[in-house]
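Listed below, chain by chain, are the residues.
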Amino acid sequence: MTRHLITSAIPYINGIKHLGNLVGSQLPADLYARYLRGRGHEVLFLCATDEHGTPAELAAAKAGKPVAEYCAEMHQVQARIAEGFGLSFDHFGRSSSPQNRVLTQHFAGVLADAGLIEEVSQEQIYSPTDGRFLPDRYVEGTCPNCGFEDARGDQCDNCTKQLDPAELINPRSTISGATDLEMRETKHLMLRQSQMKDQLNDWINAKADWPVLTTSIAKKWLHDGDGLQDRGITRDLNWGVPVKRGDADWPGMEGKVFYVWFDAPIEYIASAQEWVDAGKGADWERWWRTDKGADEVRYTQFMGKDNVPFHTLSFPATIMGSGEPWKLVDYIKSFNYLTYDGGQFSTSRGRGVFMDQALEILPADYWRWWLLSHAPETSDAEFTWENFQASVNKDLADVLGNFVSRITKFCRSKFGEAVPEAGSYGPEEEALIADITARVARYQAQMDAVEVRKSAAELRAIWAAGNEYLQAQAPWSVFKSDPDRAAAQVRLALNLIPLYATLSAPFIPDAAARMLAAMRVEAPVWPDDVPAALAALPPGHAFDVPEVLFAKITDEEREGWAERFAGKRD
RNA sequence: GGCGUUAUAGCUCAGUUGGUUAGAGCGAACGACUCAUAAUCGUUAGGUCGGUGGUUCGAGUCCACCUAACGCCA
């Protein structure tokens, strides 16, 4: 038994995430966590909300609330939706937690002691009216490239050109509208990632088993141009972790906070502390300190491809550079993007399905199954309503749901609602048991390798094997001439249901629970021994015929949803 | 402009270190069955692997160039 630490990239606080965000990190992380728990491993599965930075301040301002209050509310919203999707976090923390504040300041201190933080002076826009320096997005003005009057400090929305705030013509503060802006010299901290380039390079090169998406992005950042660049880790904001050197003040850094990318991944560690402080765990160091037992932990991270540079380079630079015995990630599973009907999901245009809306129209299992069985592992994947309807109806309703339905109802009509006792197994039954045994081994191999789509395909094949068996043996025909033989066939088929439920639980936990409840199985065990698992329901074991597990999606529903979520035209 | 990823049957995707007749699911056609959510099971028909040119006894699988989509950077 290995101990497994699993983290999902932490979703940003400003608003509800769409299905693409979900399938890119939280959902596959949950799949893996549930699988490992199911197999009896000790798992710590952590996530959190990423709360600092300019977008949070802007979103709070738009909502007319103090940013701390806004974040607290949105954290609750995201936590509730995550629960709705069955995301089984051991703790869902907050990057604005006091634990993360202390830890972030600690890392900055030890990195500075190690000579890995550099103070640099730069000119930045200052607003005397607002009494503060203005980060990119707090400055708007006329685009020097196209003349668009409402260009943002970091990018022009009209011509999409990336901008420096100092380039804007007639710049103004988005806080107060003040135009008396001036350039002032200010100091910022840079993390000297370039000093660690060789160390990071060796580390990445040793990860031959990582997804090519992960390593190719890392190598690009390592080797492109002049190689890995130093990065600023401070910003002129109020909302964030105040810049300190450990618990000491940092001269010249008054009023500044750490840039969000620096404190966000540290929250992975802080979340474990929060987990303990919330009374849910006893010892976080055995998960994170290699001198306290974490050297026996296998740590797997899940994230979308946009987060790969931070997790392959910046955060490892923080960990390695500290010189302290923190646990480094062992495996990084990264995902491409999910597109919606040929385009991008768009929050502003209401295009695509967002997590709260998804749960309004269908149970979580439908989404979990489709998203995971179509996870964008090797390239971007596309969501279409036609594909969604076809996949869900076929896989969940016809193959799995109908299997449970047909065998429980047949048994009820011929033998009553209890596992029949008569008859014994023959070569056909042995063949099925052998087939299932082989398939379960393949399923486990794919899950162990975090091959999400392939795992789903193998699971589906296991479901189909039950239908193949029934079709070939036809107990409804056999029953007419040899009821005892039919009884044995039904007994085996009924025993497939708890096996299916246990294997399927990582993908479709709610349906799996209903299957187990119907079969009156209290404590499911992972089928490490398939023949034994297929004898778990003894003759005479009473069960209930369950309600329809998965209702089919109708054409009318599909069309209505397609229209509802198409988004507004520009 | 640079870099990266992708480009395989109508659709969604597999194809380990190059090696006999390129695989799966869906969809389609045909057949079987009738226990079941008009569900299931089987059979068959569909690709020469984006294009061109190389390396090799042999390439979807390596190299070069080109094209297209997406992304990152500039």
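Just so it is clear, the structure is predicted and the values come from calculations on it, not from any experiment.

**Here's the deal with the overall build of chain A**
Then comes step 1: Counting secondary structure elements, chain A contains 19 helices and 18 strands.
Then comes step 2: What you see for chain A is a C-alpha radius of gyration of 27 Å, in line with the 25 Å of a compact globule of 570 residues.
Then comes step 3: Structurally, chain A occupies a C-alpha span of about 95 × 55 × 40 Å along its principal axes.
Then comes step 4: Among the 570 residues that make up chain A, the fraction classed as buried is 55%.
Then comes step 5: Nonlocal contacts in chain A, meaning residues at least 24 apart in sequence, comprise 77% of its contacts between residues at least 6 apart.
Then comes step 6: Accessible area for chain A stands at about 23300 Å²; split by element, carbon and sulfur atoms hold 47% of it.

**Section: unusual backbone geometry**
Then comes step 1: Positive phi outside glycine occurs at V450, with the angle close to 55°.
Then comes step 2: Among the structural elements, V450 can be located in the loop between α13 (427–448) and α14 (452–473).
Then comes step 3: Given the relative accessible area of 5%, V450 is considered buried.
Then comes step 4: The residue A474 is not glycine, and still its phi comes out positive at about 45°.
Then comes step 5: For A474, the position within the fold is in the loop between α14 and α15 (475–481).

**Digging into the packing of helix α11 (residues 364–373) against α14**
Then comes step 1: It is the contact of α11 with α14, at a shortest axis distance of 8 Å, that shows an interaxial angle of 120°. By the criterion of interaxial angle, the relationship of α11 to α14 is oblique. Residues W369, L372 and S373 of α11 lie in contact with α14, whose contacting residues are V452, R453, A456, L459, R460 and W463.
Then comes step 2: Here the contact of α11 with α14 is composed, by residue class, of six nonpolar, one polar and two charged.

**So, the protein's contact with RNA strand B**
Then comes step 1: T378, N402, R406, K409 and K552 are the nearest of the 31 residues found near RNA strand B.
Then comes step 2: Of all atoms in RNA strand B that approach within 4 Å of the protein, 78% are sugar or phosphate atoms.
Then comes step 3: Between a sugar or linking oxygen of RNA strand B and a side-chain N or O atom of W476, the distance comes to 3.2 Å.
Then comes step 4: Those elements giving two or more residues to the surface near RNA strand B turn out to be α6 (212–223), α12 (385–415), α14 and α15.
Then comes step 5: In the surface near RNA strand B, the residues fall into eight nonpolar, 11 polar and 12 charged.

**Concerning the environment of A29**
Then comes step 1: With respect to the helices, strands and loops of the structure, A29 is situated in helix α1 (residues 19–38).
Then comes step 2: Leaving out residues up to four positions away in the same chain, A29 has contacts with I6, S8, F45 and F302.

**Some details on the sheet that holds strand β3 (residues 91–94)**
Then comes step 1: Strand order in the open sheet formed by five strands is β3-β2-β1-β15-β16, and the pairing between neighbours is parallel. One side of each edge strand has no neighbouring strand; the edge strands of this open sheet are β3 and β16 (331–335). For this sheet, the mean inter-axis angle between neighbouring strands, taken without regard to orientation, is 20°.
Then comes step 2: Note that strand β1 (residues 3–8) and strand β2 (residues 42–49) share five bridges and pair parallel. Bridging across to β2, L5 finds its partner in L44.
Then comes step 3: On top of the sheet, helix α9 (residues 308–322) reaches β15 (297–304) and β16; it is set at about 135° to β15, its chief contact.

**Here's the deal with the pairing of β1**
Then comes step 1: With six of six residues buried, β1 lies mostly within the body of the structure.
Then comes step 2: Residues R3, L5 and T7 line one face of β1 and the alternating positions H4, I6 and S8 line the opposite face, and both faces are buried.
Then comes step 3: Where β1 lies against β15, six bridges are found, and the strand directions are parallel. Within β15, the position partnered with R3 by the bridge is V297.
Then comes step 4: Crossover connection from β1 via α1 to parallel β2: handedness right-handed.

**Observations regarding the pattern of salt bridges**
Then comes step 1: Counted by the stated rule, this structure contains 27 salt bridges.
Then comes step 2: Among the salt bridges present, the one from D30 reaches R368, with a minimum N-O distance of 2.6 Å. Placement of D30 in helix α1 and of R368 in helix α11 is noted, with a sequence separation of 338 residues between them. In terms of burial, D30 and R368 fall into one category: buried.

**A few points about the nonpolar core**
Then comes step 1: Ranked by size, the top nonpolar core spans 157 residues in total, and within it W288 and W367 carry the most contacts.
Then comes step 2: In terms of residue count, the dominant contributor to this core is α12 (12 residues).
Then comes step 3: Contacts of W288, omitting those with residues within four sequence positions, involve L5, L46, Y268, I269, A272, A294, Y299, P325, W326 and K327.

**What to know about the pairing of β16**
Then comes step 1: Buried residues dominate β16, accounting for five of its five residues.
Then comes step 2: Tracing the backbone out of β15, into α9 and back to the parallel element β16 gives a crossover that is right-handed.

**Quick word on the sheet that holds strand β5 (residues 132–133)**
Then comes step 1: Sheet architecture is open: four strands sit in the order β5-β4-β9-β10, paired in antiparallel fashion. The sheet terminates laterally at β5 and β10 (231–232), the two strands that pair on one side only.

**Some thoughts on the packing of aromatic side chains**
The description of two aromatic rings rests on the distance between their centres and on the angle between their planes.
Then comes step 1: Counting across every chain of the model gives 28 aromatic pairs.
Then comes step 2: A ring pair is formed by F383 and F388, whose centres lie 5.5 Å apart and whose planes are at 45°; its orientation type is tilted.
Then comes step 3: With a relative accessible area of 1%, F388 lands in the buried category.
Then comes step 4: One aromatic cluster in this structure is built from Y340, W367, W370, F383, W385, F388, W561 and F565.
Then comes step 5: Over the aromatic face of W261 sits the side chain of R231, whose NZ or CZ is 5.3 Å from the ring centroid.
Then comes step 6: Lying over the aromatic face of W326, R289 brings its terminal NZ or CZ to 4.8 Å of the ring centre.

**Let's talk about the confidence of the model for chain A**
Then comes step 1: Within chain A, residue pLDDT values average 89, and 94% of them lie at 70 or more.
Then comes step 2: Taken over the whole predicted complex, pTM reads 0.92, whereas the ipTM for its chain interfaces reads 0.89.

**Some words on the environment of D380**
Then comes step 1: Along the chain, D380 falls in the loop between α11 and β18 (381–383).
Then comes step 2: Overall, the relative accessible area of 40% leaves D380 in the partly exposed class.
Then comes step 3: Between the C-alpha atoms of D380 and L338, which are 42 residues apart in sequence, the distance is 5.7 Å.
Then comes step 4: For D380, the contacting residues outside a window of four places in its chain are K305, N336 and Y337.

What counts, and where the lines are drawn
Residues numbered from 1 in each chain as written. Chains lettered and ligands numbered in written order. Predicted model: local features only at pLDDT ≥ 70, side-chain atom pairs only at ≥ 80, totals over all residues. Heavy atoms only, no water. Helix = DSSP H or I, 4+ residues; strand = E, 2+ residues; numbered from the N terminus. Rg over C-alpha atoms; globule rule 2.2 N^0.38 Å. Buried < 20%, exposed > 50% of the residue type's maximum accessible area, 1.4 Å probe, protein only. Contact = heavy atoms within 4.5 Å. Areas by Shrake-Rupley, 256 points an atom, 1.4 Å probe, with all protein chains shown as cover. Axes fitted to C-alpha atoms, helices over the stretch in contact; angles between N-to-C directions. Parallel < 35°, antiparallel > 145°, perpendicular 65-115°, else oblique. Nonpolar A, V, L, I, M, F, W, Y, C, P; charged D, E, K, R; others polar. Near = heavy atom within 4 Å. Polar contact = N/O pair within 3.5 Å; in protein donor to acceptor, adjacent residues only side chain to side chain. Pairing = 2+ DSSP bridges. Right-handed = clockwise from strand over helix to strand, strands pointing away. Salt bridge = Lys/Arg side-chain N within 4 Å of Asp/Glu carboxyl O. Core = buried A, V, L, I, M, F, W, Y, C linked by side-chain atoms within 4.5 Å. Phe/Tyr/Trp six-rings, centres within 6.5 Å; stacked < 30°, edge-to-face > 60°. Lys NZ or Arg CZ within 6 Å of the ring centre and 35° of its normal. pLDDT = per-residue confidence, 0-100.

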